[in-house]
Amino acid sequence: MIGLISATSAGAAARDRLAAAWSTRARVYDGPVADAVRRAFGECDQLVCFLATGAVVRLVAPLLSDKGSDPGVVCVDEAGRFAVSLVGGHAGGANELAREVGELLGAEPVVTTATDAVGVPGLDTLGFPVEGDVAGVSRAMLDGEPVLLEAESVWPLPALPPNVGSPAAAGAAVVRVSDRVREPAAREVVLRPPSLVVGVGASRGAPVEEVLGLVEDALREAGLSARSVAALATVDAKSGEPGILGAAARLGVTVLTYSAEELAAVAVPNPSDAPLAAVGTPSVAEAAALVGGGELLVPKRKSARPDGRPAMATCAVVRRPARGRLAVVGLGPGARDLLTPRATAELRRAAVLVGLDQYVDQIRDLLRPGTLILESGLGAEEERARTAVAEARRGQAVALIGSGDAGVYAMASPALAEASDDIDVVGVPGVTAALAAGAILGAPLGHDHVSISLSDLHTPWEVIERRVRAAAEADIVVTFYNPRSRGRDWQLPKALAILAEHRQPTTPVGVVRNASRPDESSRVTSLGSLDPAIVDMMTVVTVGNTATREIAGRMVTPRGYRWQEEPK
């Protein structure tokens, strides 16, 4: 929950804008300001105070206890010019909150955290639990000192500065990625990857304390950190068992469930007749932990009850294989303000960027220092897809970029055709060229519409022509991608001729070149008047259907509401 506090009517107006935008995640605190801040500080995860920074400093100073648990505090001046991350920039999320407030209010976010200021990822913002000397190691990273990176297995970290790697001099600061219990040394940080899955079996009514105690004992005796547990896993017949759910909640992890048939197919070292009779599989704990593969670190063990009665819980611990991460990112049509926040976040999360050279140039400034850039020219789509997948299989955090939406005539299709289930794949949607062009033209896509690429480099012209004819006969608005190039100058006239068999010469046609870019140009013409010579590969051509009209210079395809019907 985000607490919102203001002292004046000007601050209250901005406060209420945030309250409306965050209706389910914000709470307004009224009354005397000091009391409001004190109550919000104790009840909320974050605070936005519309007060002078000096006043907020004095009010929250007596309330501060620990940077790992204090709420993040953002201070906004009453004119709404600046959103200052004041307390809890990383752990409290104040840096990101300041940016979000800035977007909503049109304020300039002010972030003074050293790592954020120079684009270096904070060690406590990598998505992994972190232990040790975060400040000291971060300082070494910022100062350019050699920092040793030691990872027991490769997990997809964001790009780290070039001075972080191996080897490093004796006494250097260390970033260690490990699921093993160890006390961090001086100038050492330990990142806890989500590498452990704990399989759990439990009798009906098994107490939370018994399940949790068993899991914690198994981890401790094996020298494994509970902060690296990614999930508890069990058979689906136990999906609602309170002891398992409660233990997962205490550990802060999810519960994965599998059918008895799935678990029975997993080879385990210690099968048993008891679970076979009870739930239909010879193993629950070991099999559930081993689904998806991995190394069995702790074979099945039973809980020990102080009263000597039979154990009610079993567990097994598996270290799962490290999985790389591939984000397929759509950059939109080219304008920076049409690049989505999610796409920006994925670009900054990536350690490896793969893309067409001209697209890389568009977003190079958004990448973190140390990002490995693998760029190539036109015509190397399959090579880029293979490269991105290969880097993800090495355990890297990879971003594969494409223009518009990466799933529309772009890189998602070849990449996913190359990828298998040994990596995590995330799709990040983008604004397509058809949508960007449609917004410029008016509302040509107001009813059913289709996009067709006229490039026959990968698709035989016979297939393309059949699709164009189908769209023409179905009276669907058509947007043509890749309409014309120097070596392909006849396909667009042929496609237009097919449409003309079913539509009047007066049918509106929109032509948009470089949609959303500085040299954008557009025009609305007609099917009978369009000169294909004005079209090139940077152009999108949208042909209306029989209901499309030009109204005040804009293309409009009616949705078909009854009140829009022309009088007879």
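It should be emphasised that the depicted structure is a prediction, and the values quoted were computed from it without experimental measurement.

Conventions we followed
Residues numbered from 1 in each chain as written. Predicted model: local features only at pLDDT ≥ 70, side-chain atom pairs only at ≥ 80, totals over all residues. Heavy atoms only, no water. Helix = DSSP H or I, 4+ residues; strand = E, 2+ residues; numbered from the N terminus. Buried < 20%, exposed > 50% of the residue type's maximum accessible area, 1.4 Å probe, protein only. Contact = heavy atoms within 4.5 Å. Areas by Shrake-Rupley, 256 points an atom, 1.4 Å probe, with all protein chains shown as cover. Lys, Arg positive; Asp, Glu negative; His and termini not counted. Charge placed at Lys NZ, Arg CZ, Asp CG, Glu CD. Salt bridge = Lys/Arg side-chain N within 4 Å of Asp/Glu carboxyl O. Pairing = 2+ DSSP bridges. Axes fitted to C-alpha atoms, helices over the stretch in contact; angles between N-to-C directions. Disulfide = S-S within 2.5 Å. Phe/Tyr/Trp six-rings, centres within 6.5 Å; stacked < 30°, edge-to-face > 60°. Lys NZ or Arg CZ within 6 Å of the ring centre and 35° of its normal.

### Thoughts on the overall build of the protein chain
Phase 1 of the analysis: Across its full length, the protein chain holds 18 helices and 29 strands.
Phase 2 of the analysis: Along the three orthogonal principal directions, the C-alpha set of the protein chain runs to about 90 × 65 × 60 Å.
Phase 3 of the analysis: When the 568 residues of the protein chain are sorted by exposure, 47% land in the buried category.
Phase 4 of the analysis: Restricting to contacts in the protein chain with at least 6 residues of sequence separation, those with at least 24 account for 66%.
Phase 5 of the analysis: As displayed, the protein chain offers around 26,400 Å² of accessible surface, 52% of which is attributable to carbon and sulfur atoms.
Phase 6 of the analysis: Treating the 56 positive side-chain charges of the protein chain as one cloud and the 67 negative ones as another, the clouds have centres 1 Å apart.

### Considerations on the pattern of salt bridges
Phase 1 of the analysis: For the structure shown, the criterion picks out 32 salt bridges.
Phase 2 of the analysis: With a closest N to O distance of 3.2 Å, Glu131 and Arg192 form a salt bridge. Residue Glu131 is found in strand β7 (residues 130-132), and its partner Arg192 is found in the loop between β11 (188-191) and β12 (196-202); the two are separated by 61 residues along the sequence. For the pair Glu131 and Arg192, a shared accessibility class is recorded, and that class is buried.
Phase 3 of the analysis: Across the pair Asp179 and Arg319 runs a salt bridge whose closest N-O atoms are separated by 2.8 Å. Of the two residues, Asp179 sits in the loop between β10 (173-177) and β11 while Arg319 sits in strand β16 (residues 313-319), which places them 140 residues apart along the sequence.
Phase 4 of the analysis: Arg319 sits in the buried class, given a relative accessible area of 16%.
Phase 5 of the analysis: Each of Glu150, Arg176, Arg182 and Glu188 takes part in a single network of salt bridges with overlapping partners.

### Digging into helix α16 (residues 433-441)
Phase 1 of the analysis: Turning to α16, its buried residues are Ala434, Ala436, Ala437, Gly438 and Leu441.
Phase 2 of the analysis: Positive backbone phi, at 135°, marks Gly442, one or two positions downstream of α16.

### Side note on the sheet that holds strand β23 (residues 449-453)
Phase 1 of the analysis: Taken together, five strands build an open sheet; the order of strands is β23-β24-β27-β25-β26 and the sheet is mixed. Every other strand in the sheet has two partners, leaving β23 and β26 (521-526) as the edge strands with one partner each. With strand direction ignored, the average angle separating the axes of adjacent strands in the sheet is 20°.
Phase 2 of the analysis: Taken together, the six bridges between strand β25 (residues 508-513) and β26 define a ladder with antiparallel strand orientation. Directly across from Val511, in β26, lies its bridge partner Arg523.
Phase 3 of the analysis: Across the sheet, α16 is in contact with β23, β24 (477-481), β25, β26 and β27 (539-543); its angle to β25 comes to roughly 115°.
Phase 4 of the analysis: Docked against the sheet, helix α17 (residues 461-473) engages β23 and β24, running at close to 160° with respect to β23.

### Let's talk about the sheet that holds strand β3 (residues 46-50)
Phase 1 of the analysis: Sheet architecture is open: six strands sit in the order β2-β1-β3-β4-β5-β6, paired in mixed fashion. A single partner strand is all that each edge strand has here, and the edge strands are β2 (26-28) and β6 (108-110). The sheet shows a mean angle of 20° between the axes of neighbouring strands, taken without regard to direction.
Phase 2 of the analysis: Bridge count between strand β4 (residues 72-76) and strand β5 (residues 82-87): four bridges; the pairing is antiparallel. Within β5, the position partnered with Val74 by the bridge is Ser85.
Phase 3 of the analysis: Against the sheet, helix α1 (residues 9-21) touches β1 (2-6), β2 and β3, its axis set at about 160° to β1.
Phase 4 of the analysis: Where helix α2 (residues 33-43) meets the sheet, its contacts fall on β1, β2, β3 and β4, and the angle it forms with β1 comes to roughly 175°.

### Focus on the environment of Val426
Phase 1 of the analysis: Mapped onto the fold, Val426 is located in strand β21 (residues 424-428).
Phase 2 of the analysis: Judged by relative accessible area, Val426 falls into the partly exposed class, the value being 24%.
Phase 3 of the analysis: It is 6.2 Å that separates the C-alpha atoms of Val426 and Val328, two residues lying 98 residues apart in sequence.
Phase 4 of the analysis: Every residue in contact with Val426, bar those within four places of it in the chain, is listed here: Arg325, Leu326, Ala327, Val328 and Glu346.

### Here we look at the side chain of Ser225
Phase 1 of the analysis: For Ser225, the location among the structural elements is in the loop between α7 (208-221) and β13 (229-235).
Phase 2 of the analysis: Ser225 sits in the buried class, given a relative accessible area of 6%.
Phase 3 of the analysis: Beyond its immediate stretch of four places on either side in the chain, Ser225 contacts Glu131, Asp179, Arg180, Val181, Arg192 and Leu196.

### Here we look at unusual backbone geometry
Phase 1 of the analysis: Positioned with a positive phi, Asn514 is a non-glycine residue whose angle comes to about 55°.
Phase 2 of the analysis: Along the chain, the position of Asn514 falls in the loop between β25 and β26.

### What about the state of the cysteines?
Phase 1 of the analysis: Within this structure, the stated rule accounts for zero disulfides.
Phase 2 of the analysis: Here Cys75 stays free of any disulfide, with the sulfur of Cys49 as its closest cysteine sulfur at 6.6 Å.
Phase 3 of the analysis: Residue class for Cys75 comes out buried when judged on its relative accessible area of 1%.

### Quick word on the packing of aromatic side chains
Phase 1 of the analysis: This structure, assessed with the given rule, holds two aromatic pairs.
Phase 2 of the analysis: Plain terms: the ring middles of Tyr409 and Tyr481 are 4.7 Å apart, the flat faces sit at 50° to each other, and that makes the pair tilted. Here Tyr409, found in the loop between β20 (397-402) and α15 (412-418), pairs with Tyr481, found in strand β24; they are 72 residues apart in sequence, far enough to count as distant.
Phase 3 of the analysis: Judged by its relative accessible area of 10%, Tyr481 is buried.
Phase 4 of the analysis: The residue whose ring lies beneath Arg25 is Trp22, and the NZ or CZ to ring-centre distance is 4.9 Å.

### Structural notes on the pairing of β1
Phase 1 of the analysis: Most of β1 is tucked away: five of the five residues are buried.
Phase 2 of the analysis: Residues Ile2, Leu4 and Ser6 line one face of β1 and the alternating positions Gly3 and Ile5 line the opposite face, and both faces are buried.
Phase 3 of the analysis: As paired elements, β1 and β3 share five bridges and run parallel to each other. Paired with Leu4 across the strands is Val48, a residue of β3.
Phase 4 of the analysis: As paired strands, β1 and β2 are joined by three bridges and run parallel to one another. Counterpart to Gly3 in the pairing with β2 is Arg27.

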